[in-house]
Amino acid sequence: MSSTTYTADEPRTSTLLPMMIIGVLFFIMGFFTWLNGPLISFVKVAFTLDDINAFLVPFAFYVSYFVLALPAGAVLKRTGMKKGMVLGLFIMAVGAALFGEFVRIRIYSGALTGLFVIGAGLSLLQTASNPYISILGPIDSAAQRIALMGICNKVAGALAPLAFGALVMKGIDTFLGQVTGMAEGPARESLLNDFAARVFWPYMSLAGLLVVLAIWILLSSLPEIKPSGANSERSIGHGKGGIFSFPHLWLGVLCLFLYVGVEVMAGDAINTYGQGFGLPLQVTTHFTTYTMLSMLAGYLIGSALIPRVISQQSYLAVSAVLGVLFAIGAFLTHGYVSVAFVAALGFANAMMWPAIFPLAIKGLGSHTELGSAVLVMGIVGGALLPQAFVHLKQYIDFQLAFVIVIVPCYLYILYYGMRGHNVGAHAG
């Protein structure tokens, strides 16, 4: 096992191996992240829940980022990015096993705990892999590299609902009709137990795969990178100062918070959104895949244009405008057309993370790990914004609730792309 350390002044002999390994990690992150959409529909049936309680699935998953991102940053300071990624994979394996077992015995609080642990492992992966890929090459082209990672992420995100639908949700509408028509009793509970148990072996298999992947990365020659050398404060004209002396970082945290919220709304809440029109559960289970395919198209186009044709900050602003337009389109239409506009938000969202993250950590120098951890805390937006939507739609039309929640988010993202990312730059 060899270990290489990159600094700003040393040439990178080859970024192919690091890109491949980080690409695999982004695939894993995408697969687990975008299982949440169909999981919401699954737990509603398996645990006989209403929408508010079913949406605890993304809440438990994403709130772990807020709770554990700073500890993750501290861990990375001690372990380095490579070993931190390995540890994150092991933690995810534990979470996957917990989730599979607790769902099998139908203990919802335990299942949510499993999702929280998966999110904890992912927070470590995110805190390590995003700055790693950002500073693996020039920071001004980081959006292009993150976009390539996003392609891996969204391919996994498109496959995850399809795999989950085939293995777990097959015949769900027939099953739901059967269970709904049964009186409370042992026979009904037995059917629900059998249905819940469908996730056990898929999740146990995923846990085993994560362990194997962790060992592979540990034994690989993935090089270590020192952020203090590769992301110097001199690049933004910054003098000495603590983490609070970088206003563009803190504006970026809010931007990332809102972005993840709208991304989860488009990717996970789209199933519930479609059900609001009375569309069949068997059909709506696959809606997340359409959002992921839309995001994949956005990544392909964005990675081709940035930075050759347009800067990452300008593309971020354009993406925000598209988000507003597609959201209004969803509000003004109905049925499958409205759902198509929500799925199209994936295209608008695609290049937001690749642009926001490197813009927010640019020039942090020795504060890069901490800044990355603070940014990852912003992922909690994926827990809170869908909760705002699902509570709001109890009182007003669900389409109106959807547009009220996400349009202001896109307007702030527009501000960050135009001005916010540059606040405090070139200050002595």
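## Looking at the overall build of the chain
Thought 1: Along its length, the chain carries 20 helices and 2 strands.
Thought 2: Relative to the globule expectation of 22 Å for 428 residues, the C-alpha radius of gyration of the chain, 21 Å, shows essentially globular dimensions.
Thought 3: Across its three principal axes, the chain shows a C-alpha extent of roughly 70 × 50 × 35 Å.
Thought 4: Buried positions account for 59% of the 428 residues belonging to the chain.
Thought 5: Contacts spanning at least 24 positions in sequence make up 85% of the contacts within the chain whose residues lie at least 6 apart.
Thought 6: As presented, the chain carries roughly 15600 Å² of accessible surface, and 69% of it is formed by carbon and sulfur atoms.
Thought 7: If the 20 positive side-chain charges of the chain are averaged to one point and the 16 negative ones to another, these points end up 9 Å apart.

## Quick look at the packing of aromatic side chains
Thought 1: According to the stated counting rule, one finds 19 aromatic pairs in the structure shown.
Thought 2: Seen in terms of ring centroids, F61 and Y65 are 6.2 Å apart; in terms of plane orientation they differ by 65°. Their pairing is edge-to-face. In this pair, F61 and Y65 are both assigned in helix α4 (residues 56-104), 4 residues apart and thus about one turn of the helix distant.
Thought 3: Residue class for F61 comes out buried when judged on its relative accessible area of 1%.
Thought 4: Note on Y65: relative accessible area 1%, which makes it buried.
Thought 5: One aromatic cluster in this structure is built from Y273, F277, F389, F398 and F402.
Thought 6: Against the face of F200 rests R104, its NZ or CZ located 5.5 Å from the ring centre.
Thought 7: Above the ring of F175, the side-chain terminus of R198 is found at 6.0 Å from the ring centroid.

## Topic: the packing of helix α11 (residues 247-267) against helix α19 (residues 381-392)
Thought 1: Relative to each other, α11 and α19 sit at 55°, their axes nearing to 7 Å. Regarding the angle of α11 to α19, the classification is oblique. Considering how the two elements wind past one another, α11 and α19 form a crossing that is right-handed. Contacts between α11 and α19 involve F257, L258, V260, G261, V262, V264 and M265 from the first element and G381, G382, L384, L385, P386 and F389 from the second.

## With respect to the pattern of salt bridges
Thought 1: Tallied over the entire structure, the rule returns 6 salt bridges.
Thought 2: Among the ionic pairs, E101 bridges to R104, the shortest N-O distance being 2.8 Å. Of this pair, E101 and R104 both sit in helix α4, 3 residues apart, roughly one helical turn.
Thought 3: Residue E101 is classed as partly exposed on the basis of its relative accessible area of 27%.

## Brief notes about helix α17 (residues 352-361)
Thought 1: Counting buried positions along α17 yields 10 of 10 residues, so the element is predominantly enclosed.
Thought 2: For α17, the complete set of buried residues consists of M352, W353, P354, A355, I356, F357, P358, L359, A360 and I361.
Thought 3: Directly after α17, the chain includes G363, whose backbone phi takes a positive value near 80°.

## Comments concerning the nonpolar core
Thought 1: Of all hydrophobic cores here, the largest spans 148 residues; its most connected members are F32, F42 and Y259.
Thought 2: No other element matches α4, which puts 18 residues into this core.
Thought 3: Apart from the residues within four sequence positions on either side, Y259 is in contact with M295, N349, M352, W353, I356 and I413.

About the thresholds
- All residue numbers refer to positions counted from 1 along the written sequence of the respective chain.
- Owing to the predicted nature of the model, reporting of local features is limited to residues with pLDDT of at least 70; listing and counting of side-chain atom pairs is limited to 80 or more, with chain, interface and lining totals taken over all residues.
- Only heavy atoms go into the side-chain values, all of them from the structure, while hydrogens and water stay out.
- Counting from the N terminus, the helices are the DSSP runs of H or I reaching at least four residues and the strands are the DSSP runs of E reaching at least two.
- Note that the radius of gyration is over C-alpha atoms, with the globule rule given as 2.2 Å times the number of residues to the power 0.38.
- Residue burial is assigned from relative accessible area. The probe radius is 1.4 Å, only protein chains are included, and a residue is buried under 20% of its type maximum, exposed over 50%, and partly exposed in between.
- Here, two residues are considered to be in contact whenever any of their heavy atoms come within 4.5 Å of each other.
- Throughout, the Shrake-Rupley method with a 1.4 Å probe supplies accessible areas, and for residues the shown protein chains are the sole cover considered.
- Charge convention: Lys and Arg are scored as positive, Asp and Glu as negative, and His as well as the terminal groups of each chain are ignored.
- A single reference atom marks each charge: NZ on Lys, CZ on Arg, CG on Asp, CD on Glu.
- Each Phe, Tyr or Trp ring, with Trp reduced to its six-membered ring, pairs with another whose centre is within 6.5 Å; inter-plane angles below 30 degrees give stacked pairs, above 60 give edge-to-face pairs, and intermediate values give tilted ones.
- Comment: the charge-over-ring label is applied if NZ (Lys) or CZ (Arg) is within 6 Å of the ring centre and within 35 degrees of the ring normal.
- To get an axis, fit a line to the C-alpha atoms, keeping to the stretch in contact for a helix; angles then go from 0 to 180 degrees between the N-to-C directions.
- The cut-offs work like this: below 35 degrees is roughly parallel, past 145 is roughly antiparallel, 65 to 115 is roughly perpendicular, and the gaps in between are oblique.
- Handedness of a helix crossing follows the sense of rotation of the near helix relative to the far helix, less than a right angle counterclockwise being left-handed and clockwise being right-handed.
- Put simply, a salt bridge is a Lys or Arg side-chain nitrogen that is within 4 Å of an Asp or Glu carboxyl oxygen.
- Joining through side-chain atoms within 4.5 Å is the link that ties buried Ala, Val, Leu, Ile, Met, Phe, Trp, Tyr and Cys residues into a set, and such a set is a nonpolar core.

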